[in-house]
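Breakdown of the fold
Given next are the chains, with one letter for each unit.
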Amino acid sequence: MRRTSRQAKSSPLLGAIALAAVASGIAGDVGAHEAPSGWDYPFACCSGFDCRPVEPRVISERPEGYVIGSTGEVVAYSDRRVRNSPDGEFHWCSVAGKSDGRTICLFVPPRAF
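Residues numbered from 1 in each chain as written. Predicted model: local features only at pLDDT ≥ 70, side-chain atom pairs only at ≥ 80, totals over all residues. Heavy atoms only, no water.

1. Here's the deal with the overall build of the protein
The condition that has to hold: Secondary structure elements are defined from DSSP: runs of H or I of at least 4 residues count as helices, runs of E of at least 2 residues count as strands, and each element is numbered from the N terminus. Contact criterion: two residues are considered in contact whenever any of their non-hydrogen atoms come within 4.5 Å of each other.
Of the regular secondary structure elements, the protein holds one helix and seven strands. When its helices and strands are written in sequence order, the protein yields α-β-β-β-β-β-β-β. Taking as baseline every contact in the protein between residues at least 6 positions apart, the subset at least 24 positions apart corresponds to 41%.

Here you go:
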């Protein structure tokens, strides 16, 4: 497929603009923010403010999964949003970090047998 002269001219220009934005910090930090214990929340879970540690009493367990106390949302044990917590504590990532937001990710401590 042949590129038009406009496409050929805009591609290098857009690339230069993007590179300049990253170099100057305009593009911002593309990584996720750090949990208080020092590990990074994955970018897929967090936009810099969506995740936070929560008290164990905020998350309960039922046969069907984890229940988020403030919303009543049930996240199945097999749900891909459930992740192992690197520090052994509960961490909840919700849309816009709101206490009534939908769950993006839920970090859970290892389950006891």
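2. Side note on the pattern of salt bridges
Heads up, the condition is: We define a salt bridge as a side-chain nitrogen of Lys or Arg found within 4 Å of a carboxyl oxygen belonging to Asp or Glu.
Enumeration over the complete set of coordinates arrives at three salt bridges. Arg 81 is the salt-bridge partner of Glu 73, the closest N and O atoms lying 3.1 Å from each other. Measuring nitrogen to oxygen at the nearest pair gives 2.9 Å for the salt bridge that ties Arg 81 to Asp 79. Among the charged side chains, a network of salt bridges with common partners joins Glu 73, Asp 79 and Arg 81.

3. Structural notes on the sheet that holds strand β5 (residues 82-84)
The line we're drawing: Any two strands with at least two DSSP-identified bridges between them are counted as paired. Angular values range over 0 to 180 degrees, each being the angle between N-to-C directions of two axes fitted as lines to C-alpha atoms, with helices fitted over their stretch in contact.
With mixed pairing, four strands are arranged side by side in an open sheet as β1-β6-β7-β5. In this open sheet, the two strands that pair with only one neighbour each are β1 (51-53) and β5. Across this sheet, the average inter-strand angle for adjacent strands is 20°, counted without regard to direction. With three bridges connecting them, β1 and strand β6 (residues 91-94) associate as antiparallel partners. If you follow Cys 51 over to β6, its bridge partner there is Cys 93.

4. Considerations on the state of the cysteines
By definition, a disulfide links the sulfur atoms of two cysteines through a covalent bond. Condition: The criterion for a disulfide is a pair of cysteine sulfur atoms lying within 2.5 Å. For every residue, the accessible area (1.4 Å probe, protein chains only) is compared with the maximum for its type, and the residue is labelled buried under 20%, exposed over 50%, or partly exposed between those bounds.
In the structure shown here, the tally under the stated rule is two disulfides. Between the sulfur atoms of Cys 45 and its disulfide partner Cys 105 the distance amounts to 2.0 Å. A torsion of -75° about the S-S bond marks the disulfide between Cys 45 and Cys 105 as left-handed. A residue pair is termed long-range when its members are at least 10 positions apart, and Cys 45 in the loop between α1 (5-24) and β1 and Cys 105 in strand β7 (residues 103-108) qualify at 60 residues. This pair shows no difference in class: Cys 45 is buried, exactly as Cys 105 is. There is a disulfide in this structure between Cys 51 and Cys 93, and the S-S distance comes to 1.9 Å. Since a negative S-S torsion denotes a left-handed disulfide, the Cys 51-Cys 93 link at about 105° is right-handed. Of this pair, Cys 51 sits in strand β1 while Cys 93 sits in strand β6; the two residues are 42 residues apart in sequence, bridging distant segments of the chain.

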